[in-house]
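# Fold and geometry: a report
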Amino acid sequence: GQQVMQIPQYQHVQEGEDFTTYCNSSTTLSNIQWYKQRPGGHPVFLIQLVKSGEVKKQKRLTFQFGEAKKNSSLHITATQTTDVGTYFCAVNFGNEKLTFGTGTRLTIIP
Amino acid sequence: KAGVTQTPRYLIKTRGQQVTLSCSPISGHRSVSWYQQTPGQGLQFLFEYFSETQRNKGNFPGRFSGRQFSNSRSEMNVSTLELGDSALYLCASSFDRENIQYFGAGTRLSVL
């Protein structure tokens, strides 16, 4: 079936370092969404990408959608302790349910 | 605007029992999806309801069922509970399935 791979599964970074998580699909995507789940919390929507090659920024977060609409990345510049959590991508393959990636758990070392 | 409300927040059951979880979506949202979250399996899709009809179903056994009422509130039921059903059950609402998912705080179910 259609699946989405998200890497890495875990990432430990020193505070102030950058962080990137990747979401990859073997199938062209209609769109992709990114969510953040803080420890003990629930997933919260961050952004949606729709167009090929789209790049969107939210303060220190940069989201990219690949030209072929098969992959996406979330990059955080100069991480802070508030960035701790698990980042999920969620993809739409067409007329199907939203499929979540396995998530990348980000830990910040102060 | 009130967010997605899930009740109860915590639940402890024993094997063989059944459980019903409730979800009240954001006003105006007609799509309600349910997810199971465990440390090892991430977010697993259970099913999605839209206007009282189940539109999509994940790969879960028939012990997991749900329904949606005319006011869009949804319930999910798990019968004959197993130890492996211990998880955080999340409900999410949206205008439609491709739109932004707004999650509730979840119900943490422990099966002993």
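Figured I'd write up the structure that's included with this text. As a convention, each chain's residues are numbered from 1 in the sequence order in which they are written. As a convention, the first chain written is A and the first ligand written is 1, with the rest following in written order. Reporting in this predicted model follows two pLDDT cut-offs: at least 70 for local features of residues, and 80 or more for side-chain atom pairs to be given and counted; totals over whole chains, interfaces and linings ignore these cut-offs and use all residues. The basis for the side-chain values is all heavy atoms of the structure; hydrogens and waters are excluded.

As a further point, take the interface of chain A and chain B. Contact definition: two residues touch when any of their heavy atoms are within 4.5 Å. Contact with chain A, which involves 15 residues of that partner, is made by 15 residues of chain B. Put simply, buried area is how much 1.4 Å-probe accessible surface two parts lose in total, over both of them, once they are put together. Taken together, both faces of the contact between chain A and chain B bury some 1400 Å²; the carbon and sulfur share is 57%. Interface area lost by chain A to chain B is led by His42, Lys97 and Phe100 of chain A, which between them contribute 33%. Any pair of N or O atoms that falls within 3.5 Å is considered a polar contact. Within protein, one atom must be able to donate a hydrogen and the other to accept it, and sequence-neighbouring residues count only if both atoms are side-chain atoms. Here chain A is connected to chain B by two residue pairs in polar contact (both at pLDDT 80 or more). Helix numbers and strand numbers start at the N terminus; a helix is a DSSP run of H or I with at least 4 residues, a strand a run of E with at least 2. Secondary structure elements with two or more residues in the side of chain A that touches chain B: β4 (31–37), β5 (44–49) and β9 (85–92) of chain A.

The subject of this paragraph is the sheet that holds strand β1 (residues 5–7) of chain B. All names here are of chain B. The pairing criterion is simple: DSSP has to find at least two bridges between the two strands. Spatially, β1-β3-β8-β7 is the arrangement adopted by the four strands of the open sheet, whose pairing is antiparallel. Across the chains shown, the open sheet's two edge strands, defined by having one partner strand only, are β1 and β7 (64–68). Ignoring which end each strand starts from, the neighbouring axes of this sheet average 15 degrees apart. In this structure, β1 lies alongside strand β3 (residues 19–24), joined through three bridges in antiparallel fashion. Bridge pairing links Gln6 to Cys23 in β3. Fitted lines through C-alpha atoms give the axes, limited to the stretch in contact for helices. The angle between two N-to-C directions lies from 0 to 180 degrees.

Attention now moves to the pairing of strand β9 (residues 87–94) of chain B. Every regular strand shows the same layout, with side chains that alternate between the two sheet faces. All names here are of chain B. With a 1.4 Å probe rolled over the protein chains alone, any residue whose accessible area is under 20% of its type maximum counts as buried; one over 50% counts as exposed, and the rest are partly exposed. In terms of burial, β9 is largely enclosed, as eight of its eight residues are buried. Burial of β9 is two-sided: the residues Ala87, Tyr89, Cys91 and Ser93 facing one way and the residues Leu88, Leu90, Ala92 and Ser94 facing the other way are all buried. Summarising the sheet, strand β4 (residues 31–38) and β9 pair through seven bridges and their orientation is antiparallel. Residue pairing across strands places Gln36 opposite Tyr89, the latter belonging to β9. Pairing of β9 with strand β10 (residues 102–103), which is carried by two bridges, proceeds in the antiparallel orientation. In the strand pairing of β10, Ser93 is matched with Tyr102.

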